[in-house]
Amino acid sequence: MKYKNIREEELKNKVGAEWFKQFDTTEILGNIDFTVFPKQDNLFGRTPLLWAEAKTGNFDIPTMFVQLILTLGKARTFDKTMPPAFLGAFDYKKIAFVPYINISDIFYLNDFNWNVTPSNHDTKEFQLIKNRIETILAENTSVYDYEKDEKELIAYIKNNIAKATTANKLKIDKNNFIPIYLRWLELVKPNIDVDWDTLKKANILDSDFYLADLFVDDKDTQNIDDDLSIRDSLFVVFKNQGYKIAKENIKQMFDATINLKNKESYLQFWKRYKRPPLKEFQDYIIERRDLLVPQDIRERKGAFFTPRIWVELSQKYLTDYLGENWQDEYYIWDCAAGTGNLLAGLTNKYHIYASTLDQADVSVIHERIDHGANLLKNNVFQFDFLNDEFIPISKGGKLPDSLFEIINNEEKRKKLVVYINPPYAEATSSKTVTGTGENKSGVTTNFKINELLKPKIGNASNEIFALFMANIYEKIPGCTLGQFSKLKFVNGSNFKKFKDYFLADYVSGFIVPAETFDNVSGKFPIGFTIWNTSKKSKIDVISTDVFDKNGNFNMNKNFYGDLPNSLNKWFIKFQSKSKEKIGLLSNYPPDFQNQAKVFIKINQMARGGAINIVANNIIPISIYFSVRHCIEATWLNDRDQFQFPNDGWKTDCEFRSDCLALTLFHGQNRITNSEGTNHWIPFTEYEVNAQDKFASNFMTDFIQGKLKKESIATTTLFDAEMVMNQDGPLQFSPEATAVFDAGRELWKYYHAQKGVNVNASLYDIREHFQGRNDKGRMNARSEDAHYTSLIGNLRSQLAILADKIKPKVYEYEFLKE
């Protein structure tokens, strides 16, 4: 058999390489085994072509598809990203395909438990799904044997998968038709070739064009012939790739077809959605057309903070938790409303409250209401949530009486959703509010609530968003909290006391890149999380969905609230007071956002607390350095905390020597002979054809085990043999050896130059070939082609070594997965 007796990962790799080589099969999407995407993005990102289940054995096709369906249903992947055109399943012998649309209805079963383990084939849920889809699969599945049906399989992929530019579309309902409209305003409206001011005088709005778009079918044919009430309600209809005015008293004034400037962009937008809306919501959408007003483009410039794509997504998560009719069953209060963009898309204005610190923002929202915004003026009010007392208007306060009644009624509070995007950084200026400035201790002390909450939440009171959370927890107990914020309240070291105070049940959430928010340039995650404050639960682990900047669902990520001691408490144990130091290691907080600040040099650091590097701590220091640098810092892991490891590393000699090799050749090793004696040369004079004797052979003596045992004091933590391998040379893995080999060629090339510094470090060698600019900074590149090749090879080998070290970082619990 073609792929018999191989592991699942190898099977997926081979299927991808041999059958789908013209596509991208490398993307990981949640727990889906195998995905196929086009290699090129379009205007709206990449549309998935295939999601598939992979099995190494010989499975029946329905079983494989059922496991895939349960995997998708459990994660609700199809709600978080565009579904593919096809689902697939394959094992070592065969591969099968079915159009997604043929089975998509299975995901909307009522009262079905999707929380079962997909790989458990004995559950009643597994059998129920299997029974429901076997007939569908028999009628719609295409099955191919890799060997017997090779030509047919190639043809199927070419004629179906490769041409699947449209996937099953998102269904339009009462909860998403407004967010879709808001995106339509940005992407479709500018492509309509019409004088909007003229139409406005005739009371034809852009929302009329949106409704015309909604009520067409997949062939862009107006789908209203069988429903006179809908047809009579439309002022604009879509015909022959253009719009016609249908309003009786003015249609003669606009007889000509209104065309699209860019039809391709229009088509790409609507490929994402299934039109017309679901039948049961069509009348509702027509009846509530008043909600579709061009309110947001009238906001003053710069008023937006939460991007519309995340507003839409957050409301979907609230819908998933609270139910389809949540806006009618719950009250909503945005107590940090600004100009109210977080409330765009909500439908029941009688259940919405908005308050903001700035009276000017209240005036903006009131003006929007005058132009049709779906809010009540009486429910929009100036209120300083962190200073003002919770007193109703009828008693001289600021809270609407109806909201005050909800807050003071235990049962009604359970039906209150506090939905906010408060300032999520320490702030006294616009820079610190948006996360672009330095954090400053004590900046929130001017808030009245700080006096009450600081004793309860400690240093977390320096964060404005934490004060919002704590004040909500304190004064509105039992409510549901849906908020945008940083995730530091989960895993931040300053939030231990906060987590003892804020006891609430985590429901669900997602994280996105911070740079997608207005005026934020940092690379860190911003999360939307939902909390049920009526249930008391300490924050331990929260699992979030991860979306990229285009709104594509990628994976799940855990954040840990109950972390052990930090990595810095581990590495401080190796502090040495010896004056015979060979360097210093900087001491910065143990998370990825501080990765660039972790380096080695000879002279004293600008920041205090550096660790002396001596012979009997060089191995643990190298481990610390490598653990901090072997994994690239990204927006996703920016706040992940390194922690006190288990003892596994102590007996893993290869891991220890790998870490030493990475430390010796890493770019953050900034040892330079200009600051003192260079004890870090990893080669002998003979190996690199040095022009003179080195001032120090410490490192090669250390590697070869030549240092005398009595020259190293035994520590109270480890005996000298464990730290130094005193009985013989260090043994290096093939990957580490390749790094040494690449480095040796670089050193030899340097020492072949004229007039060089014989005691040069790697940093000195780079400086020699790359030079410095007029500001004194080392140039990023060199004009010496051979040096560029050598340093490029060294960096490539370092990357391979770093990849080898990464699994050990998790195995020895320096990081949690």
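Please refer to the structure higher up on the page.
**Q** Can you walk me through the pattern of salt bridges in this structure?
**A** Side-chain pairing between opposite charges can occur once the charged atoms of the two side chains come close. Evaluated as defined, the whole model comprises 30 salt bridges. The salt bridge partner of K316 is D320, with a shortest N-O separation of 2.6 Å. Highlighted residues: K316 and D320, both in helix 13 (residues 308-322), separated by four residues, approximately one helical turn. The exposure class assigned to D320 is partly exposed, which follows from its relative accessible area of 47%. Put simply, K523 and E515 hold a salt bridge, and the shortest N to O gap is 3.6 Å. Look at the salt bridges and you will find they share partners, linking E8, E9 and K12 into a network.

**Q** Honestly, the pairing of strand 12 (residues 352-356) in this entry has me stumped. Any pointers?
**A** A regular strand places its side chains so that they alternate between the two faces of the sheet. Most of strand 12 is tucked away: five of the five residues are buried. Side chains I352, A354 and T356 project from strand 12 onto one buried face, and the interleaved Y353 and S355 project onto a second face that is buried too. Of the strand pairs in this sheet, strand 11 (residues 331-334) and strand 12 are connected by three bridges, and their pairing is parallel. Among the inter-strand pairings, I332 is bridged to a residue of strand 12, identified as I352. Where strand 12 meets strand 13 (residues 380-382), three bridges bridge the pair, whose relative direction is parallel. When the sheet's bridge partners are listed, A354 is paired in strand 13 with V380.

**Q** Would you mind going over the side chain of T71 with me for this structure?
**A** In this fold, T71 is placed in helix 2 (residues 61-75). Within the structure, the side chain of T71 is placed 2.8 Å from the backbone oxygen of Q67, a separation counted as a polar contact. Here T71 is in contact with N31, I32, E53 and P118, once residues within four sequence places are set aside.

**Q** Can you walk me through the nonpolar core in this structure?
**A** Note that soluble globular proteins tend to have their nonpolar side chains buried in a common cluster. Grouped together as the largest cluster of nonpolar side chains are 68 residues, with contacts concentrated most on L585 and I618. Among the secondary structure elements, those contributing two or more residues to this core are helix 23 (567-571), strand 22 (611-613), helix 24 (618-629), helix 25 (653-665), helix 27 (698-704), helix 29 (734-751), helix 30 (762-770) and helix 31 (785-811). For this core, the element with the most residues is helix 31, which contributes nine residues. For I618, the residues in contact, after removing those within four places along its chain, are I582, I613, L660, W680, F698, M699 and F702. Of all hydrophobic cores here, the second largest spans 62 residues; its members include W310, L343, A373 and F517.

**Q** Just checking my understanding: could you explain unusual backbone geometry for this structure?
**A** Excluding glycine, residues mostly carry a negative phi; peptide bonds, for their part, are mostly trans. Following R275, the chain continues to P276 via a peptide bond in cis, the omega torsion being -5 degrees. One can find P276 in the loop between strand 10 (273-274) and helix 12 (279-287).

**Q** Is there a simple way to explain the packing of aromatic side chains in this structure?
**A** Given two aromatic rings, one states the distance between the centres and the angle between the planes to describe the pair. Using the criterion set out here, one finds 68 aromatic pairs in the structure. Relative to Y243, the ring of F209 has its centre 5.0 Å away and its plane inclined at 65 degrees; by these criteria the two rings are edge-to-face. Within this pair, whereas F209 is found in helix 9 (residues 206-214), its partner Y243 is found in strand 8 (residues 242-245), the two being separated by 34 residues in sequence. For the pair formed by F209 and Y243, the shared burial category is buried. Between Y473 and F502, the aromatic rings sit 5.2 Å apart at their centres with planes inclined by 45 degrees, giving tilted as the arrangement. Here Y473 is found in helix 20 (residues 464-475), whereas its partner F502 is found in the loop between helix 22 (496-501) and strand 16 (505-513), with 29 residues between them in sequence. With a relative accessible area of 11%, Y473 lands in the buried category.

**Q** Sorry, what's going on with helix 2 here?
**A** Every α-helical turn comprises 3.6 residues, leaving residues that sit three or four positions apart pointing alike. When the terminal C-alpha atoms of helix 2 are compared, their 22 Å separation across 15 residues agrees well with the 21 Å that a helix rising 1.5 Å per residue should span. With respect to burial, helix 2 is a largely interior element, 13 of its 15 residues being buried. R76 lies just past helix 2 and shows a positive phi near 50 degrees.

**Q** What exactly am I supposed to notice about the sheet that holds strand 7 (residues 236-239) here?
**A** Working definition: the strands of a sheet are paired by backbone hydrogen bonds and lie parallel or antiparallel to each other. One open sheet accounts for three strands, arranged 7-8-9; its pairing is antiparallel. Each having just a single partner strand, strand 7 and strand 9 (258-259) make up the two edges of the open sheet. Sheet contacts for helix 9: strand 7, strand 8 and strand 9; angle to strand 7, the most-contacted strand, approximately 45 degrees.

**Q** Would you mind going over the packing of helix 29 against helix 30 with me for this structure?
**A** Relative orientation and spacing of two packed helices are given, respectively, by the angle between their axes and the distance between those axes. At a minimum axis distance of 11 Å, the contact between helix 29 and helix 30 shows a crossing angle of 55 degrees. By the angle between their directions, the pair helix 29 and helix 30 is classed as oblique. The chirality of how helix 29 crosses helix 30 is left-handed. Across the interface between the two elements, L746, W747, Y749 and Y750 from helix 29 touch L762, I765, H768 and F769 from helix 30. Classifying every residue of the contact of helix 29 with helix 30 gives seven nonpolar, one polar and no charged.

**Q** Explain the environment of T198 here, please?
**A** Its location among the elements puts T198 in helix 8 (residues 196-201). Given the relative accessible area of 35%, T198 is considered partly exposed. At 2.9 Å, the side chain of T198 and the side chain of D195 are in polar contact.

**Q** Would you take a moment to explain the side chain of Q643 for this structure?
**A** Within the secondary structure, Q643 is located in the loop between helix 24 and helix 25. Within the structure, the side chain of Q643 is placed 3.1 Å from the backbone oxygen of E813, a separation counted as a polar contact. Excluding residues that lie within four positions of it along the chain, Q643 makes contacts with L563, P564, N565, S566, L567, E813, F814, L815 and K816.

The rules behind these values
Residues numbered from 1 in each chain as written. Predicted model: local features only at pLDDT ≥ 70, side-chain atom pairs only at ≥ 80, totals over all residues. Heavy atoms only, no water. Salt bridge = Lys/Arg side-chain N within 4 Å of Asp/Glu carboxyl O. Helix = DSSP H or I, 4+ residues; strand = E, 2+ residues; numbered from the N terminus. Buried < 20%, exposed > 50% of the residue type's maximum accessible area, 1.4 Å probe, protein only. Pairing = 2+ DSSP bridges. Polar contact = N/O pair within 3.5 Å; in protein donor to acceptor, adjacent residues only side chain to side chain. Contact = heavy atoms within 4.5 Å. Core = buried A, V, L, I, M, F, W, Y, C linked by side-chain atoms within 4.5 Å. Phe/Tyr/Trp six-rings, centres within 6.5 Å; stacked < 30°, edge-to-face > 60°. Expected span 1.5 Å × (residues − 1). Axes fitted to C-alpha atoms, helices over the stretch in contact; angles between N-to-C directions. Parallel < 35°, antiparallel > 145°, perpendicular 65-115°, else oblique. Left-handed = near helix turned anticlockwise from the far one by under 90°. Nonpolar A, V, L, I, M, F, W, Y, C, P; charged D, E, K, R; others polar.

Geometry only, nothing functional implied.
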